[in-house]
Amino acid sequence: MAGIKALVGLSFSGAIGLTFLLLGCALEQYGVYWPLFVLIFYILSPIPTFISRRISDDTDSSSNACRELAYFLTTGIVVSSFGLPIVLARTSTIQWGACGLVMTGNAVIFFTILGFFVVFGGGDDFSWEQW
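Because the structure is a prediction, the values reported are computed rather than measured.

Thresholds applied
- Residues numbered from 1 in each chain as written.
- Predicted model: local features only at pLDDT ≥ 70, side-chain atom pairs only at ≥ 80, totals over all residues.
- Heavy atoms only, no water.
- Axes fitted to C-alpha atoms, helices over the stretch in contact; angles between N-to-C directions.
- Helix = DSSP H or I, 4+ residues; strand = E, 2+ residues; numbered from the N terminus.
- Parallel < 35°, antiparallel > 145°, perpendicular 65-115°, else oblique.
- Contact = heavy atoms within 4.5 Å.
- Nonpolar A, V, L, I, M, F, W, Y, C, P; charged D, E, K, R; others polar.
- UniProt positions renumbered as here; feature names shortened; annotations may be inferred.
- Expected span 1.5 Å × (residues − 1).
- Bend = angle between axes of the 7 residues up to and from the residue.
- Buried < 20%, exposed > 50% of the residue type's maximum accessible area, 1.4 Å probe, protein only.

**Focus on the packing of helix α3 (residues 47–55) against helix α4 (residues 65–90)**
Remark: α3 packs on α4, axes separated minimally by 8 Å, with the N-to-C direction vectors making an angle of 175 degrees. The angle between the axes of α3 and α4 places the two elements in the roughly antiparallel class. For the pair formed by α3 and α4, the contact residues are P48, T49, S52, R53 and I55 on the first element and C66, R67, A70, L73, T74 and I77 on the second. When grouped by side-chain class, the residues that make up the contact of α3 with α4 number six nonpolar, three polar and two charged.

**What to know about the UniProt feature "transmembrane region" (unreviewed entry) in the chain**
The UniProt record annotates "transmembrane region" (unreviewed entry) at residues 6–25, 32–51, 71–89 and 101–121. For residues 6–25, the end-to-end C-alpha separation is 29 Å, with 100% helix and 0% strand making up the annotated structure. A helix fraction of 100% and a strand fraction of 0% characterise residues 71–89, whose end C-alpha atoms lie 28 Å from each other.

**Some thoughts on α4**
Taking 1.5 Å of rise per residue, the 26 residues of α4 would be expected to cover 38 Å, and the 37 Å separating its terminal C-alpha atoms lies within 8% of that figure. The largest bend in α4 amounts to roughly 25 degrees and is located at G83, with the proline P85 lying one to four residues further along. Every buried residue belonging to α4 is among A70, T74, I77, S81, P85, L88 and A89, and all of these are buried. Summarising the contacts, the buried residues of α4 are in contact with α2 (38–44), α3 and α5 (96–120). Positive phi appears at S92, one or two residues downstream of α4, with a value of about 60 degrees.

This is the structure in structure tokens:
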């Protein structure tokens, strides 16, 4: 039952994050949909971690090159998703208020993705592979 509560909580926080993103695009004073390109970063961010967990051995060594590379790539994707709205706002493609809403949505979505890996990535009897 705890897994269902965690799944509902994660889906609720994901909906909140997407709401911030869409508010940054769809409000009448902003009205530009360029910030929706951060959705690509939301899709790409967990992929290196999924791949590294699939192909790396599960030894408890202090360093695993595959996982370290996955963390590096994920960090680059996350930083890029925070940088894109700033670049769009600096070039006056979007307004700064829209940039703030998109950045808030980014933070909520990436904490949701982190929560997913914390809750369902432990490797115990209840994992993300069941879903």
